[in-house]
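# Structural overview for review
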Amino acid sequence: MTQSPFKFFKTSPEVIRLAVMLYVRFPLSLRNVEDLLHERGIEVSHETVRYWWNRFGPMFASEIRRKRVQQLRAFSKWKWHVDEVFVNVNGKRHYLWRAVDHEGEVLEAVVTKRRNKQAALKFLKKLMKRHGKAEEVVTDRFASYRAALRDLGALEKQRTGRWLNNRVENSHLPFRRRERAMQRFSHMRSLQKFASVHSSVNNHFNQKRSLASRDTFKLAGTAALAEWCELGAA
């Protein structure tokens, strides 16, 4: 039997899952989470919340991702949308490369120091290794995408055009809101960790409210929350 990851913690797994979910899912600071838990009669320090997030956040995200990847690989005839945004790390400009599928679900997030062919190639290789190959790859007109796709033998799959990449550009908004709440990042490694965890958690709880009836939305939300409460269970 697999040993529970919560075995040596005095706090219940339910409280740890709640704290991690509040911090990653919503644009809250560590002290905001501490205050919300206090209102529920749970006394923890914001530094404890920080420790829980660092310890369990990647584990929860990995479990969510593992359950989804096999399902996603079965539908390789997708249209991928790829884009990159600037992120300041300790005052220096870095680049967050992200890919989403045709439904807006984040597939991969990679942080690099440069925005060139080598960085695009690294990102696309990681994306294809995990998710297979798409039928179409929608990008902007940045030359590095064309050069990287040519090296991968997938240049004919590239699609560019005005407004074609709006899906991935809009998908940056939840991360940008979260970035402002965290007052930016101090290390490239912490940015990579948070971007990966945030994308998985956002996928898990994003139910496309505007595309479903109220009853369907409530059922899907309840199912997502129930699945979250089982993460890390022995």
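The present account deals with the structure reproduced in this document. (Residues numbered from 1 in each chain as written. Predicted model: local features only at pLDDT ≥ 70, side-chain atom pairs only at ≥ 80, totals over all residues. Heavy atoms only, no water.)

## Observations regarding the sheet that holds strand β4 (residues 136–138)
The strands making up a sheet associate through hydrogen bonds between their backbones, and the pairing can be parallel or antiparallel. Here 5 strands make up an open sheet; going across it, the order is β3-β2-β1-β4-β5 and the pairing mixed. The open sheet has two free edges, formed respectively by β3 (106–112) and β5 (158–159), since each of these has just one partner strand. Bridge analysis of β4 against β5 gives 2 bridges, and the strand direction is parallel. Looking at the pairing, V137 lines up with Q158 of β5. In this fold helix α8 (residues 188–205) packs onto β1 (79–89), β2 (92–100) and β3, with an angle of close to 170° to the strand it touches most, β3. (Pairing = 2+ DSSP bridges. Helix = DSSP H or I, 4+ residues; strand = E, 2+ residues; numbered from the N terminus. Contact = heavy atoms within 4.5 Å. Axes fitted to C-alpha atoms, helices over the stretch in contact; angles between N-to-C directions.)

## A few points about the side chain of E84
Among the secondary structure elements, E84 is positioned in strand β1. On the basis of relative accessibility, which here comes to 9%, the residue E84 falls in the buried class. A distance of 2.8 Å separates a polar atom in the side chain of E84 from a polar atom in the side chain of R115. At a separation of 2.3 Å, a polar atom in the side chain of E84 contacts the side chain of Y145. (Buried < 20%, exposed > 50% of the residue type's maximum accessible area, 1.4 Å probe, protein only. Polar contact = N/O pair within 3.5 Å; in protein donor to acceptor, adjacent residues only side chain to side chain.)

## Some points on the environment of E14
Checked against the element boundaries, E14 lands in helix α1 (residues 13–25). Sequence separation of E14 and L231 is 217 residues, and the distance between their C-alpha atoms is 9.9 Å.

## Some remarks on the packing of helix α4 (residues 117–131) against helix α5 (residues 143–151)
Where α4 meets α5, the axes come as close as 8 Å, and the angle between the chain directions of the two elements is 55°. When the axis of α4 is compared with that of α5, the two are oblique. Two packed elements cross with a definite hand, and for α4 against α5 that hand is right-handed. Within the contact between the two elements, α4 uses K117, A120, L121, L124 and M128 and α5 uses S144, A147, A148, L149 and D151. Across the contact of α4 with α5, the residue classes break down as 7 nonpolar, 1 polar and 2 charged. (Parallel < 35°, antiparallel > 145°, perpendicular 65-115°, else oblique. Left-handed = near helix turned anticlockwise from the far one by under 90°. Nonpolar A, V, L, I, M, F, W, Y, C, P; charged D, E, K, R; others polar.)

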